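Residue-level listing of the chains:
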Amino acid sequence: MSIYRERVHRGSARATVLRTVGTRERRSHLSAPRVPTVGIDIGGTKVMAGVVDADGNILEKVRTETPDKSKSPKVVEDTITELVLDLSDRHDVHAVGIGAAGWVDADRNRILFAPHLSWRNEPLRDRLAERLAVPVMVDNDANAAAWAEWRFGAGRGEDHLVMITLGTGIGGAILEDGQVKRGKYGVAGEFGHMQVVPAGHRCPCGNRGCWEQYSSGNALVREARELAAAESPVAYGITDRVGGNIQEITGPLITELARDGDAMCIELLQDIGQWLGVGIANLAAALDPSCFVIGGGVSAADDLLIVPAREAFRRTLTGRGYRPEARIVKAQLGPEAGMVGAADLARLVARRFRRATRRRVERYERAGSSPLRLAPRGQAGGRE
């Protein structure tokens, strides 16, 4: 597996074998230990992992491609394990947080369903905790991103926040008074699968006309490729750019050409933004938050996306002109938000290593253990 590494700050030169006891969750991030944790963001196309400190600073991150969704769930679990072990070679890791693109149950253990991955009722937390021997926290990737933006980014100071993530699809999350609202069964915030066009485009979830089929990275690329395949005159610029290979048309390329003034690409982003604004207006009618934070890869288009979204929001908001309007802002943490949020949420289940335990661990390593092999559960040398 090819792994891309980006070292932000060099950690310990020698690995620390990870040992811990218990996984009881704390009620507040204020009482969580200020220790480094690993956050992992699993999307439809990439897996990103990073060591994050208690202030949201990324000490090091690595990433690789998401294994093909036709493969077994174990392949993805192997990828996650390899990334964590790689990071543990240079950093103390006290817990691991997973932000997964899918439905997570109320106990935050099982991935009930993932439209873009092969997970179906998969006990991800327990399987990874058994392999890594540290506490593991699993949550929806949009919940993790929203938490990061509320703690460290564009949502600081907001009491009622809704996060919209535009990537392969649309993710969403709700925060009220410092708490992620997950719903009775853990699957709140799946805004991307609200039906906005009856009998519309087929969605990987099985339904037709889902919001994410009209306002997401997939929707943006689909529309551009269809115009190019139809040999539309408006698509000549992007077709020429990819040398006629339509499959090379990507979201970042569309954004780049739009910034350079390509009329078709600008219009496509406007369309995506208008659908975004309509969906946000519907959410405002139901949830009435003070702020919508727009994140995910498509948000890199900045005002080419956000301005049309704000305009459509104001045109379609129920009671417009007679009610306060929520702010619509771009996320500040960029593509690392899900990773940072997952790591910070993992601090709620993290445990400090006692100093005596650390010394025993170091002696164990000097005795010849593999630097990437984690200690089996039940061999912890003391409690917090």
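Position labels on residues start from 1 in each chain and follow its written sequence. The predicted nature of this model means local features are confined to residues of pLDDT at least 70 and side-chain atom pairs, given and counted, to a pLDDT of 80 or more, with totals for whole chains, interfaces and linings taken over all residues. Water and hydrogen atoms were dropped before computing side-chain values, which therefore reflect all heavy atoms in the structure.

An unreviewed UniProt entry annotates the protein as Glucokinase of Streptomyces himastatinicus ATCC 53653. Looking at the protein in UniProt, the text filed under Sequence similarities (unreviewed entry) is "Belongs to the ROK (NagC/XylR) family." UniProt positions are given in the numbering used here, feature names are shortened, and annotations may be inferred rather than shown by experiment.

> Please explain the overall build of the protein as it appears in this structure.
For helices the rule is a DSSP run of H or I covering at least 4 residues; for strands it is a run of E covering at least 2, with both sets numbered from the N terminus onward. Across its full length, the protein carries ten helices and 14 strands. Looking at the protein residue by residue over its 384 residues, the buried ones come to 55%. Summing over all exposed atoms, the protein offers an accessible surface of approximately 17200 Å²; the carbon and sulfur share of this is 47%. Partly exposed residues are those whose accessible area sits between 20% and 50% of the maximum for their type, while under 20% is buried and over 50% is exposed, using a 1.4 Å probe and protein chains only. Throughout, the Shrake-Rupley method with a 1.4 Å probe supplies accessible areas, and for residues the shown protein chains are the sole cover considered.

> For this particular structure, what's the right way to read the sheet that holds strand S11 (residues 170-176)?
Strand pairing in a sheet is mediated by backbone hydrogen bonds. Such pairs are either parallel or antiparallel. Note: two strands are recorded as paired if DSSP finds a minimum of 2 bridges between them. The five strands are arranged S12-S11-S10-S13-S14 in an open sheet whose pairing can be described as mixed. Of all strands in the sheet, those bounded by a partner on one side alone are strand S12 (179-180) and strand S14 (327-330). Sheet topology places S11 next to S12; two bridges connect them, and they run antiparallel. Bridge pairing in S12 links Leu175 to Val180. Lying on the sheet, helix H8 (residues 303-316) is in contact with strand S10 (160-166), strand S13 (291-295) and S14; it crosses S14 at an angle near 165 degrees. Contact criterion: two residues are considered in contact whenever any of their non-hydrogen atoms come within 4.5 Å of each other. Simply put, an axis is a line fit to the C-alpha atoms, just over the touching stretch for a helix, and the angle between two N-to-C directions goes from 0 to 180 degrees.

> Would you explain unusual backbone geometry in this entry?
Glycine aside, residues mostly have negative phi, and peptide bonds are mostly found in the trans state. Despite not being glycine, Ala133 shows a phi value in the positive range, around 60 degrees. By the element assignment, Ala133 lies in the loop between helix H2 (124-132) and strand S9 (136-140). The backbone phi angle of Ala199 is positive, close to 60 degrees, even though this residue is not glycine. Looking at where Ala199 falls in the secondary structure, it is placed in the loop between S12 and helix H4 (217-229).

> What am I meant to see in the packing of aromatic side chains here?
Two aromatic rings, taken as a pair, are described by how far apart their centres are and by the angle between their planes. Any Phe, Tyr or Trp ring, taking Trp's six-membered ring, that has another such ring centre within 6.5 Å forms a pair; planes under 30 degrees apart are called stacked, those over 60 apart edge-to-face, and the others tilted. One pass over the full model with this rule turns up four aromatic pairs. Pairing Tyr214 with Trp275 gives two aromatic rings, centres 5.0 Å apart and planes at 40 degrees, and the pair type is tilted. Note that Tyr214 is positioned in the loop between S12 and H4 and Trp275 in helix H7 (residues 263-287), a separation of 61 residues in sequence. When its relative accessible area of 12% is taken as the criterion, Tyr214 is described as buried. A relative accessible area of 30% places Trp275 in the partly exposed class.

> Explain the confidence of the model for the protein to me, please; I cannot follow it from the model alone.
Caution applies to low-pLDDT parts of the model: their predicted coordinates are not meant to be read in detail. Mean pLDDT over the protein: 84, with 81% of residues reaching 70 or higher. Across the protein, the element-wise mean pLDDT spans from 43 in helix H10 (residues 355-366) up to 97 in H7. Considering only residues more than four positions removed or in separate chains, one finds that residues 354-384, a stretch of pLDDT under 50, has 49 contacts. Confidence scores per residue from the predictor, reported as pLDDT, run from 0 to 100.

> It is not clear to me how the sheet that holds strand S8 (residues 120-122) should be interpreted in this structure. Could you clarify?
In spatial order, the strands read S6-S7-S8; together these three strands make up an open sheet with antiparallel pairing. The sheet is open, and its two edges are formed by strand S6 (103-104) and S8, each paired on a single side.

> How should helix H1 (residues 73-88) be read in this particular structure?
An α-helical turn contains 3.6 residues, so any two residues separated by three or four positions project in the same direction. Multiplying one less than the number of residues by 1.5 Å gives the expected span of a helix. An ideal rise of 1.5 Å per residue puts 22 Å on 16 residues; H1 measures up with 23 Å between its terminal C-alpha atoms. Taking burial as the measure, the 16 residues of H1 include twelve buried ones, the bulk of the element. Listed in full, the buried residues belonging to H1 are Pro73, Val76, Glu77, Thr79, Ile80, Thr81, Leu83, Val84, Leu85, Asp86, Leu87 and Ser88.

> I keep staring at the packing of helix H3 (residues 141-152) against helix H9 (residues 337-346) and nothing clicks. Help me out?
Angle between the axes and distance between the axes are the two parameters that describe a pair of packed helices. Axis separation between H3 and H9 bottoms out at 7 Å; the angle between their running directions is 85 degrees. The pairing of H3 with H9 is recorded here as roughly perpendicular in orientation. Touching Asp141, Ala144, Ala145, Trp147, Ala148, Glu149, Arg151 and Phe152 of H3 are Ala337, Gly338, Val340, Gly341, Ala342, Asp344 and Leu345, all from H9. Residue composition of the contact of H3 with H9, by class: nine nonpolar, two polar and four charged. In what follows, roughly perpendicular refers to angles from 65 to 115 degrees, roughly parallel to angles under 35, roughly antiparallel to angles over 145, and oblique to any angle outside these ranges. Gly falls in the polar group here, along with every residue not listed as nonpolar (Ala, Val, Leu, Ile, Met, Phe, Trp, Tyr, Cys, Pro) or charged (Asp, Glu, Lys, Arg).

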